Amino acid sequence: MVFFTCNICGESVKKPAVEKHYQMRCRGNEKNVSCMDCLKDFYGDEYVAHTKCISEAQKYASQNGSFSAKEPRNKNAQKQESWMDIIRAILDSSEYNLSGPVRSAFQKLQSVDNVPRKRAKFENFVANCIKIPRQQATQVWDILEKEMNKMKEAKQAELAREKAEKEQQKKDAEAEAPPKKAEKKQKLKDAEEEAPPKKKAKLEATEDAAPEESSNGISTDFDWPGQLTKLVAKETDGIFLEKLRKKLLKKYTKHLSVEDLTEKQAKKFQKRFDKQLKIADSLQVDGDTVKIAS
């Protein structure tokens, strides 16, 4: 609550009582008050807009250079200030065509800094404290509610617009700068295409010549040509390709002393299997059947 000092008689007056003070004690004089906290002078109805003032800590902070007063965090005060902004917006607007009594009611509300923000409490407050008729209090509330909803819709529209702008900026940024992963993948692809054929063939030959590793880490060689020839020779009419692959896979797994191959080992097996079939002179692939070359 803001307190004022009457500059004519020196009496301390609460803000809601200023109007009554100049109708009774200092009747006939022009309103001239000063705030007891910030010591600022107000003339006429200027005091009405002075809804809050500095705290005592802020008032004396300037006297001690090493002390810095912190602004108190009062959520209720912030809500009340927003409420007063709505009242001021209604008074400044020409949309509502306020009648004389209704405008007077809003002016009285403007000078009070603890206006309730719920309908029932608001109507009781203005009827009992500001002496506004109940019917007029209902009219005032309806106008307040309409303005409040309008401000809320405007705020929601502003937030939606800001969100849309941020999303658009993000999309534009992504379009201008391609993702790093895609860029890196493209560079690797380009480098692979530009690599000399001899170097590529040499690298494949090195991979094929690399010794197999068992599960215990010991490097051993698997006899690919010998095992393939041995399996195919058992079948006089030839062996289906898939059946040959499964049988060789079983021997290969046993050779590595593991129950199942890892994904990397399975890919390597399939690659070597296909290559050995192509280069084996003793074998002949006829469709989906493998035979001993005649």
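Calculation criteria
- Residues numbered from 1 in each chain as written.
- Predicted model: local features only at pLDDT ≥ 70, side-chain atom pairs only at ≥ 80, totals over all residues.
- Heavy atoms only, no water.
- Axes fitted to C-alpha atoms, helices over the stretch in contact; angles between N-to-C directions.
- Helix = DSSP H or I, 4+ residues; strand = E, 2+ residues; numbered from the N terminus.
- Parallel < 35°, antiparallel > 145°, perpendicular 65-115°, else oblique.
- Contact = heavy atoms within 4.5 Å.
- Nonpolar A, V, L, I, M, F, W, Y, C, P; charged D, E, K, R; others polar.
- Core = buried A, V, L, I, M, F, W, Y, C linked by side-chain atoms within 4.5 Å.
- Buried < 20%, exposed > 50% of the residue type's maximum accessible area, 1.4 Å probe, protein only.
- Pairing = 2+ DSSP bridges.
- Salt bridge = Lys/Arg side-chain N within 4 Å of Asp/Glu carboxyl O.
- pLDDT = per-residue confidence, 0-100.
- Phe/Tyr/Trp six-rings, centres within 6.5 Å; stacked < 30°, edge-to-face > 60°.

With that out of the way, let us pick up the packing of helix α4 (residues 100-110) against helix α6 (residues 134-176). If you want to describe how two helices pack, look at the angle between their axes and the distance between the axes. Packing of α4 against α6 brings their axes to within 10 Å, and their N-to-C directions diverge by 70 degrees. When the axis of α4 is compared with that of α6, the two are roughly perpendicular. Contacts from Pro101, Val102, Ala105, Phe106 and Leu109 in α4 reach Gln136, Gln139, Val140, Ile143 and Leu144 in α6. A breakdown of the residues in the contact of α4 with α6 according to their chemical character gives eight nonpolar, two polar and no charged.

Phe106, Leu109 and Leu144 are the most contacted members of the largest nonpolar core, which has 24 residues in total. For this core, the secondary-structure elements that each account for two or more residues are α3 (75-92), α4, α5 (119-128) and α6. Per-element tally for this core: the top contributor is α3, with six residues. Non-local contacts of leucine 144, meaning those with residues more than four positions away in its chain, are made with Trp83, Ile86, Ile87, Ile90, Phe106 and Phe122.

A few words now on the sheet that holds strand β3 (residues 32-35). Taken together, the four strands give an open sheet; going across it, the order is β2-β1-β3-β4, and neighbouring strands pair in antiparallel fashion. Across the chains shown, the open sheet's two edge strands, defined by having one partner strand only, are β2 (12-14) and β4 (41-43). For this sheet, the mean angle separating the axes of adjacent strands, direction not counted, is 40 degrees. Where β3 meets β4, three bridges bridge the pair, whose relative direction is antiparallel. Residue pairing for β4: asparagine 32 is matched across the bridge by tyrosine 43.

Counted by the stated rule, this structure contains eleven salt bridges. The residue glutamate 147 makes a salt bridge to lysine 150 at a minimum N-O spacing of 3.4 Å. One end of the pair is glutamate 147 and the other is lysine 150, both in helix α6 and three residues apart, which spans about a single turn. Lysine 150 sits in the partly exposed class, given a relative accessible area of 37%.

We now examine the confidence of the model for the chain. One rule of thumb: low pLDDT means the predicted coordinates there are not for detailed reading. Predicted confidence across the chain gives a mean pLDDT of 77, with 77% of residues reaching 70 or more. This model gives residues 205-210 a pLDDT under 50, and the stretch forms seven contacts once residues within four places in sequence are excluded. Contacts of residues 214-219 to residues separated by more than four positions or lying in other chains number nine contacts, the stretch itself having pLDDT below 50.

Okay, the sheet that holds strand β9 (residues 289-292) next. Taken together, the three strands give an open sheet; going across it, the order is β7-β9-β8, and neighbouring strands pair in antiparallel fashion. Here the strands that pair on one side only, and so sit at the sheet edges, are β7 (239-240) and β8 (283-286). Its contacts with the sheet put helix α9 (residues 224-233) on β7, β8 and β9, and the angle it makes with β9 is roughly 95 degrees.

Here we come to the packing of aromatic side chains. Describing an aromatic ring pair means giving the distance of the ring centres and the angle of the ring planes. Per the counting criterion, the structure on display carries nine aromatic pairs. Centre to centre, the rings of phenylalanine 222 and tryptophan 224 are 5.1 Å apart; their planes meet at 85 degrees, and the pair counts as edge-to-face. Looking at phenylalanine 222, the relative accessible area reads 10%, which means it is buried. For tryptophan 224, a relative accessible area of 2% gives the class buried. Each ring, one from phenylalanine 269 and one from phenylalanine 273, has its centre 6.0 Å from the other, and the planes form 20 degrees; the classification is stacked. Taken together, the residues phenylalanine 269 and phenylalanine 273, both in helix α11 (residues 263-279) and four residues apart, mark about one turn of the helix. Pair check on accessibility: phenylalanine 269 and phenylalanine 273 agree, each one buried. An aromatic cluster of three or more residues is present, and its members are Phe222, Trp224, Tyr252, Phe269 and Phe273.

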